[in-house]
Amino acid sequence: MTQWTSAVGAAQLARQLNAQQSRPAGPGTRKPPAYRALSDGVRLLVLEGRVPVAARLPAERELALALSVSRTTVAAAYEALRAEGFLESRRGAGSWTAVPAGNPLPARGLEPLPPDSLGSMIDLGCAALTAPEPWLTRAVQGALEELPPYAHTHGDYPAGLPALRQTLADRYTARGIPTMPEQIMVTTGAMGAIDAICHLFAGRGERVAVESPSYANILQLMREAGARLVPVAMAEGLAGWDVPRWRQVLREAAPRLAYVVADFHNPTGALATEDQRRALVEAARSAGTVLVADETMSELYLDGDRPGEELPPPVCAFDPAGSTVLTVGSASKAFWAGMRIGWVRAAPEVIRSLVSARAYADLGTPVLEQLAINWLMGTGGWERAVDIRRAQAGENRDALVAAVRRELPSWEFDVPRGGLTLWVRTGGLSGSRIAELGERVGVRVPGGPRFGVDGAFEGYVRLPFTVAGPVADEAAVRLAAAARLVESGARAGTDAPRTFVA
């Protein structure tokens, strides 16, 4: 049995390695031997997630031809990578990327801090904002007025309240995707939706293709469900999906499920284009893969006066029947994380299967919260609340961007047009170490490996748009202090995760 789950072609790897040559070297840096430059380049691609962990590398002769170097150089580079734990090999199976024992590995998702801890710690761990009042209060009051008839029932609605299923179906229909209530199941947040989908479609040991990087809590959910994650690297910056790479993975790994965030991707903020969406749906259909499209960030467009007109169509627009694309939505990001209402849109037979399986899970979603969301969506309150959320997130984004650029000018990022997160390259410092030392100086931030598979993205942190004004300024000051601690530790030769440069 082979140990690799995807493959990297010689031409593709050569392009990625050659692109690194445009990065400036640090002052006083001496040019390393050719084999060392090659091994360092591959190592950095793995740590940054540009080459997935458990990806089969090209044979020595193939890569030597693509790079116009000797086979001896490639052989020496591979041997160095094996010695450092970044490459594993077996006769007849080839060589595949790895992460050495002792390197930071993705842990559980970052839980929110207790409210009583927020006075001394700036929490950049969770991408969640305060409720957009007065709409939370009004929604709960409206729900209480509509509750009495439901109080005379058993209160169990495994598929969701019929009224909310109809409302959600109507909203998809208004977006140009005709939808029946029978295509909707209401869940306890998006996490509940994806958990139900994973248990139905991806049993223990099944392969699930995921973006690399991807949302940390979903990756952990899938790990605990026993899924075998197959990472697919995102394109550079905000370019979104690398469709040829997706086609290759879907064709060769044949995953049962694929999970994607097309709308203001968490953590990068990328927005997939219409062509990318169409191509990925076609590739998934051809491979027999069920595509889970997470829309939780879709309404958080932060630039422009009329955001709905500037977004590409939903992923499910290219599979309106819902047999290939299972769409997951949620009130948690667009409205409030405390409102644990999510939903799945899929083919009626898929919804029936999900509902049947729910009898052995949580039975249903709280009635009062469903009534609150239905009240919001039926009165125009949803749109007004989302407008408040967009304005708040946009101001926070601009404040955080300005503060980080001022305090940490060597850190690199692209500013997304929507969503709630900034994906930041930390100037060659260990993101895990910054996260660890950040708590000492009063700022909580997740390191990049939480958003990768098996230790990738060590050179990144994720910064959510949850603070503004003086708090954003202070957060950047504390991050800079953490970065200085990491740098001083590296100079002192501690056993902390080392810095790395291309």
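All of these numbers come straight from a predicted model, not from anything done at the bench.

Rules used in this analysis
- Residues numbered from 1 in each chain as written.
- Predicted model: local features only at pLDDT ≥ 70, side-chain atom pairs only at ≥ 80, totals over all residues.
- Heavy atoms only, no water.
- Helix = DSSP H or I, 4+ residues; strand = E, 2+ residues; numbered from the N terminus.
- Contact = heavy atoms within 4.5 Å.
- Areas by Shrake-Rupley, 256 points an atom, 1.4 Å probe, with all protein chains shown as cover.
- Buried < 20%, exposed > 50% of the residue type's maximum accessible area, 1.4 Å probe, protein only.
- Arc of directions from axis to C-beta.
- Axes fitted to C-alpha atoms, helices over the stretch in contact; angles between N-to-C directions.
- Parallel < 35°, antiparallel > 145°, perpendicular 65-115°, else oblique.
- Left-handed = near helix turned anticlockwise from the far one by under 90°.
- Nonpolar A, V, L, I, M, F, W, Y, C, P; charged D, E, K, R; others polar.
- Core = buried A, V, L, I, M, F, W, Y, C linked by side-chain atoms within 4.5 Å.
- Pairing = 2+ DSSP bridges.
- Polar contact = N/O pair within 3.5 Å; in protein donor to acceptor, adjacent residues only side chain to side chain.
- Patch = residues over 30% accessible without salt bridge, like charges linked within 9 Å, V, L, I, M, F, W, Y side chains within 5 Å.
- Salt bridge = Lys/Arg side-chain N within 4 Å of Asp/Glu carboxyl O.
- Phe/Tyr/Trp six-rings, centres within 6.5 Å; stacked < 30°, edge-to-face > 60°.

Peer 1: Sorry, what's going on with the overall build of the protein chain here?
Peer 2: The number of helices and strands found in the protein chain is 17 helices and 15 strands. Pairs at least 24 residues apart make up 75% of the contacts formed inside the protein chain by residues separated by at least 6 positions. Of the roughly 20,800 Å² of accessible surface on the protein chain, 52% is carried by carbon and sulfur atoms.

Peer 1: I'm lost on helix H3 (residues 60–67) in this one. Help?
Peer 2: Owing to its 3.6 residues per turn, the α-helix brings residues three or four apart onto one side. Of the residues making up H3, those classed as buried are Leu63, Ala64 and Leu67. Angular distribution of buried residues about the axis of H3 spans 105 degrees; they occupy a single face of the element. Facing away from the buried surface of H3 by more than 90 degrees, the exposed residues are Arg61 and Leu65. Directly after H3, the chain includes Ser68, whose backbone phi takes a positive value near 60 degrees.

Peer 1: Honestly, the packing of H3 against helix H4 (residues 71–84) in this entry has me stumped. Any pointers?
Peer 2: Packed helix pairs are characterised by how far apart their axes lie and by the angle those axes make with each other. Orientation of H3 relative to H4, taken along the N-to-C sense of each, is 120 degrees, at an axis distance of 8 Å. In this view, H3 runs oblique relative to H4, as classed from their interaxial angle. Between H3 and H4 lies a crossing whose hand is right-handed. The residues of H4 that touch H3, namely those facing Glu60, Arg61, Leu63 and Ala64, are Arg71, Val74, Ala75 and Tyr78. Split by residue class, the contact of H3 with H4 holds five nonpolar, no polar and three charged.

Peer 1: Any chance you could explain the environment of Arg15 here in plain terms?
Peer 2: Mapping Arg15 onto the fold places it in helix H1 (residues 10–20). Each C-alpha atom, one on Arg15 and one on Ala66, is 8.9 Å from the other, the two residues being 51 residues apart in sequence.

Peer 1: Explain the nonpolar core to me, please; I cannot follow it from the model alone.
Peer 2: A general trend in soluble globular proteins is that nonpolar side chains are found buried together. Formed by 53 residues in total, the largest nonpolar core has its most connected members in Trp241, Trp246, Leu291, Phe335, Ile373 and Trp382. In terms of residue count, the dominant contributor to this core is helix H14 (residues 367–379) (seven residues). Each residue touching Trp382, except ones within four places of it in the same chain, is listed here: Arg171, Glu299, Ala331, Ala334, Phe335, Ile373, Leu376 and Met377. Within the second largest apolar cluster, 39 residues are counted, among which are Val401, Val404, Leu420 and Phe465.

Peer 1: Could you clarify how one ought to interpret the pairing of strand S3 (residues 87–90) in this entry?
Peer 2: Looking at chain direction, S3 and strand S4 (residues 94–97) are connected through four bridges and run antiparallel. The partner of Leu87 across the bridge, within S4, is Thr97. Taken together, S3 and the strand that follows it, S4, pair antiparallel across an intervening segment of three residues, in which Gly92 is found at a positive phi of about 90 degrees.

Peer 1: In this structure, what is going on with the side chain of Ser332? I would like to understand it.
Peer 2: Mapped onto the secondary structure, Ser332 falls in the loop between strand S11 (325–330) and strand S12 (342–345). Using a relative accessible area of 11% as the deciding quantity, one classes Ser332 as buried. At a separation of 2.9 Å, a polar atom in the side chain of Ser332 contacts the side chain of Arg340. Once you skip the residues sitting within four places of it in the chain, Ser332 turns out to touch Ala337, Met339 and Arg340.

Peer 1: Honestly, a nonpolar patch on the surface in this entry has me stumped. Any pointers?
Peer 2: Side chains of Val140, Leu144 and Leu368 sit close together on the surface and give an oily, nonpolar patch of about 210 Å² of accessible area. With respect to the helices and strands, Leu368 occurs in helix H14.

Peer 1: I tried to follow the sheet that holds S12 on my own but got confused; where do I start?
Peer 2: Within a sheet, neighbouring strands are paired by backbone hydrogen bonds and run either parallel or antiparallel to one another. Taken in spatial order, the seven strands make up an open sheet running S6-S12-S11-S10-S9-S7-S8, and their pairing is mixed. Looking at the sheet topology across the chains shown, the edges are occupied by strand S6 (184–187) and strand S8 (228–233). When strand polarity is set aside, the average angle formed by the axes of neighbouring strands in this sheet is 20 degrees. Here helix H7 (residues 162–174) sits on the sheet in contact with S6, S11 and S12, set at roughly 120 degrees to S6.

Peer 1: Would you mind going over the environment of Ala321 with me for this structure?
Peer 2: Turning to its location among the elements, Ala321 is positioned in the loop between helix H12 (307–310) and S11. As a C-alpha pair, Ala321 and Ala346 span 25 residues in sequence and 7.1 Å in three-dimensional space. Excluding residues within four positions of it along the chain, Ala321 makes contact with Gln183, Ala346 and Ala347.

Peer 1: Which parts of the structure should I look at to understand helix H16 (residues 431–438)?
Peer 2: Most of H16 sits inside the fold, with seven of its eight residues counted as buried. Along H16, the residues that are buried comprise Gly431, Ser432, Arg433, Ile434, Ala435, Leu437 and Gly438.

Peer 1: Honestly, unusual backbone geometry in this entry has me stumped. Any pointers?
Peer 2: Where the residue is not glycine, phi is negative for most of them; where a peptide bond is considered, it is trans in most cases. A cis geometry characterises the amide bond from Glu133 onward to Pro134, with omega recorded as 10 degrees. Locating Pro134 in the fold gives a position in the loop between strand S5 (122–123) and helix H5 (135–146). That bond from Ser212 to Pro213 is cis: its omega, 10 degrees, falls within 30 degrees of zero. Note that Pro213 resides in the loop between strand S7 (207–212) and helix H9 (216–224). A positive phi angle, close to 70 degrees, is found at Leu363, a residue other than glycine.

Peer 1: Quick question: what am I supposed to make of the packing of aromatic side chains here?
Peer 2: The geometry of an aromatic ring pair is captured by the separation of the ring centres together with the interplanar angle, meaning the angle of the planes. In this structure the tally under the stated criterion is seven aromatic pairs. Measuring from ring centre to ring centre gives 6.2 Å for Tyr150 and Tyr157, while their planes differ by 75 degrees; the resulting arrangement is edge-to-face. Given the relative accessible area of 22%, Tyr150 is considered partly exposed. Here Tyr157 falls in the buried class, since its relative accessible area comes to 16%. With a centroid separation of 5.6 Å and 70 degrees between ring planes, the pair formed by Trp423 and Phe457 is classed as edge-to-face. With Trp423 in strand S13 (residues 421–425) and Phe457 in the loop between strand S14 (443–444) and strand S15 (460–464), this residue pair connects regions lying 34 residues apart in the sequence. Accessibility assignment for this pair places Trp423 and Phe457 in one class, buried.

Peer 1: Can you walk me through the packing of H5 against H14 in this structure?
Peer 2: The geometry of H5 relative to H14 is characterised by a closest axis approach of 8 Å and an angle of 115 degrees between their N-to-C directions. By the angle class used here, H5 and H14 are roughly perpendicular. H5 and H14 meet at a crossing whose hand is right-handed. Note on element contacts: H14 touches H5 through Leu368, Leu371, Ala372, Trp375 and Leu376, opposite Trp135, Arg138, Ala139, Val140, Gly142, Ala143, Leu144 and Glu146. Of the residues that constitute the contact of H5 with H14, the class distribution is ten nonpolar, one polar and two charged.

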